[in-house]
Amino acid sequence: MKELLRIAIQKSGRLSEKSLQIIKSCGIRFGSDARLLKEEAENFPIEFLYLRDDDIPRYVYDQVADVGIVGRNEHDEQNLPLEILRDLGFAKCRLSIAVPSGTFYDGLPSLDGKRIATSYPNILSTILKKAAVTAKVLELSGSVEIAPSIGVADAICDLVSTGATLASNGLKEVEEIYNSSAVMVGRKNLEGAKRAILDRLLLRIDAVMKADDYKYVMFNLPKEHVGEIANIVGGMKSPTVTPLLDEQWCAVQTVVHEQQFWDVLEQLKALGAQGILVTAIEKMAD
Ligand code: PRT
Ligand code: ZN
């Protein structure tokens, strides 16, 4: 029987589209028909299982799936012994404590004896315990933000991204306890053919994610400064330098990390670089 790596993806929600997009960028073709519960890729030995995000860690642990993409928050809340294979960097959010806007708050001890509503009771309890705060943790599966206004809680602990939901419910964020983003999790000690498929998939994912972090930069430079550029731009090995018809000048091609890009640009201008072209990189592997 053909061995397949089963990968659990959120069926419909904040993680679905970007999860599938990463897989597609890896050159893997499939139908992504949201009505299906599972489907096999056309040109790579993986099978997708489309599930609710809450179920993904458990299904991976129980060997229904081999790997899955979930929010780090969900993985940590369930606290199953899975391996975090990659931080995929999307669906960024934070788990925060919020209280009604007019409430006095001066650190976690202010929550002593209070009722806190959350969908993340395990993470919250751990944090309260560390701070030696005794509070009543009220587990709700959704609509946590309305708990204070209907009088069932004094504070909440929930995911925040823009903060708009908190504001529209008259709440203020007072404690940021945790940063989360989508992660790929897998069963520990996956071996044999499945491990080999996973390694191939991770190689592709790394190439896609790395490409996102870098820009391809081309420019012309007075030849007299060519010795100085390696210190500025680095590059995978070293910059590629090509002669130009005008012998005083050369053309340089290299990759630059997104975070250093503006610094590098300023330094190149200072060296007299001209005709600077910057393009996105689609894939990048060492
Ligand atoms: O149906 P299923 O169970 O699969 O989906 P779900 O409704 O449980 O999850 P979903 O799709 O809402 O979220 C999936 C994952 O996305 C979460 O586990 C997080 O890892 C991540 N994520 C990123 C978020 C947010 N940002 C987010 N803002 N998950 C939820 N929210 C909610 C938050 O709970 C709050 O209600 O959005 C609201 C706050 O948003 P802002 O922008 O107003 O601050
Ligand atoms: Zn869910």
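Everything numeric here is computed off the predicted structure, so don't read it as measured data.

Student: It is not clear to me how the sheet that holds strand S12 (residues 214–222) should be interpreted in this structure. Could you clarify?
Tutor: Within a sheet, each strand pairs with its neighbour through backbone hydrogen bonds, oriented either parallel or antiparallel. Taken in spatial order, the four strands of this open sheet run S13-S14-S12-S15, and their pairing is antiparallel. Looking at which strands have only one partner, the edges of the open sheet turn out to be strand S13 (240–243) and strand S15 (274–280). Each strand of the sheet is rotated relative to its neighbour by a mean of 15°, with strand direction disregarded. Direction of pairing for S13 relative to strand S14 (residues 249–257): antiparallel, over a ladder of four bridges. Bridging from a neighbouring strand, valine 241 pairs with valine 252 of S14. Helix-sheet contacts for helix H7 (residues 226–233) involve S12, S13 and S14, and the interaxial angle to S14 is about 10°.

Student: What am I meant to see in the packing of aromatic side chains here?
Tutor: Pairs of aromatic rings are described using the distance from one ring centre to the other and the angle between the two planes. Scanning all chains against the criterion turns up three aromatic pairs. A centroid spacing of 4.5 Å and a plane angle of 40° characterise the contact between phenylalanine 30 and phenylalanine 48, whose relative ring orientation is tilted. You can see phenylalanine 30 sitting in the loop between helix H1 (16–25) and strand S2 (38–40) and its partner phenylalanine 48 sitting in strand S3 (residues 46–51), a full 18 residues away along the chain. Residue class for phenylalanine 48 comes out buried when judged on its relative accessible area of 0%. Their ring planes at 5° and their centres at 6.1 Å tell us that phenylalanine 48 and tyrosine 50 sit as a pair that is stacked. Side by side, phenylalanine 48 and tyrosine 50 carry an identical accessibility label, which is buried. Put simply, the rings of Phe30, Phe48 and Tyr50 touch in pairs and so form one group of aromatic residues.

Student: In this structure, what is going on with the coordination of the zinc ion (ligand 2)? I would like to understand it.
Tutor: Here the zinc ion (ligand 2) is held by the protein donor atoms Asp53 (OD) and Asp54 (OD), which lie 1.9 to 2.0 Å from it. With four donor atoms in place around the zinc ion (ligand 2) and angles of 75 to 173° between them, the coordination shape is irregular. Taking the relative accessible area as the measure of exposure, aspartate 54 reaches 31% and is therefore partly exposed.

Student: I would appreciate a short explanation of H7 in the present structure.
Tutor: Helical periodicity: at 3.6 residues per turn, an α-helix aligns residues three or four positions apart in one direction. Among all positions in H7, only Ile229, Ile232 and Val233 are buried. The buried residues of H7 occupy an angular sector of 70° when the element is viewed end-on, so they sit on one face. Exposed side of H7, more than 90 degrees from the buried face: Gly227 and Asn231 are the residues found there.

Student: How should I be thinking about unusual backbone geometry in this particular structure?
Tutor: Keep in mind that most residues, glycine aside, have a negative phi and that most peptide bonds are trans. For glutamine 63, which is not glycine, the phi torsion reads 70° and is therefore positive. Here glutamine 63 shows up in the loop between helix H2 (56–61) and strand S4 (67–71). One non-glycine residue, asparagine 189, lies in positive phi territory at about 45°. Along the polypeptide, asparagine 189 turns up in the loop between strand S11 (182–187) and helix H6 (192–213). The exposure class assigned to asparagine 189 is exposed, which follows from its relative accessible area of 65%.

Student: What is the right way to look at the pattern of salt bridges in this model?
Tutor: Close approach of charged atoms allows side chains of opposite charge to pair. Taken as a whole and assessed by the stated rule, the structure comprises 17 salt bridges. Between aspartate 62 and arginine 58 there is a salt bridge, and its shortest N-O distance comes to 3.4 Å. In this structure, the salt-bridge partner of arginine 86 is aspartate 206, at a minimum N-O distance of 2.7 Å. Of the two residues, arginine 86 is situated in strand S5 (residues 82–87) and aspartate 206 in helix H6; the sequence distance between them amounts to 120 residues. Judged by relative accessible area, which is 25%, arginine 86 ranks as partly exposed. Residue aspartate 206 is classed as partly exposed on the basis of its relative accessible area, which comes to 30%. Members of the salt-bridge network, linked through shared partners, are Glu3, Arg6, Asp66, Arg187 and Lys194.

Student: Quick question: what am I supposed to make of the environment of cysteine 26 here?
Tutor: By secondary structure assignment, the location of cysteine 26 is in the loop between H1 and S2. Residues cysteine 26 and valine 208, 182 residues apart in the sequence, show an inter-C-alpha distance of 6.8 Å. Aside from chain neighbours lying at most four places away, what touches cysteine 26 is Arg204, Ile205 and Val208.

Student: What is the right way to look at the site of ligand 1 in this model?
Tutor: Lining the immediate surroundings of ligand 1 are 20 residues, of which Asn73, Glu145, Thr162, Gly163 and Thr165 lie closest. In this structure, an oxygen atom belonging to ligand 1 sits 2.8 Å away from a main-chain N or O atom of arginine 14. Here an oxygen atom of ligand 1 sits 2.7 Å away from a polar atom, N or O, in the main chain of glycine 163. When isolated, ligand 1 has an accessible area of 840 Å², and the protein chains bury 79% of it. Sort the elements by how many residues they give to the shell around ligand 1 and strand S9 (residues 155–160) lands first, with three residues. A per-class count over the shell around ligand 1 returns six nonpolar, eight polar and six charged. Both of domain 1 (5–89 + 181–211) and domain 2 (93–180) provide at least three residues apiece to the shell around ligand 1.

Conventions we followed
Residues numbered from 1 in each chain as written. Chains lettered and ligands numbered in written order. Predicted model: local features only at pLDDT ≥ 70, side-chain atom pairs only at ≥ 80, totals over all residues. Heavy atoms only, no water. Pairing = 2+ DSSP bridges. Helix = DSSP H or I, 4+ residues; strand = E, 2+ residues; numbered from the N terminus. Axes fitted to C-alpha atoms, helices over the stretch in contact; angles between N-to-C directions. Contact = heavy atoms within 4.5 Å. Phe/Tyr/Trp six-rings, centres within 6.5 Å; stacked < 30°, edge-to-face > 60°. Buried < 20%, exposed > 50% of the residue type's maximum accessible area, 1.4 Å probe, protein only. Donors = N, O, S within 2.8 Å, 3.2 Å for Na, K, Ca; no water. Tetrahedral: all angles 85-135°; square planar, octahedral: opposite > 155°, others 65-115°. Arc of directions from axis to C-beta. Salt bridge = Lys/Arg side-chain N within 4 Å of Asp/Glu carboxyl O. Near = heavy atom within 4 Å. Polar contact = N/O pair within 3.5 Å; in protein donor to acceptor, adjacent residues only side chain to side chain. Areas by Shrake-Rupley, 256 points an atom, 1.4 Å probe, with all protein chains shown as cover. Nonpolar A, V, L, I, M, F, W, Y, C, P; charged D, E, K, R; others polar. Domains from an automatic or database assignment.

None of the figures reported here should be taken as evidence of function without further support.
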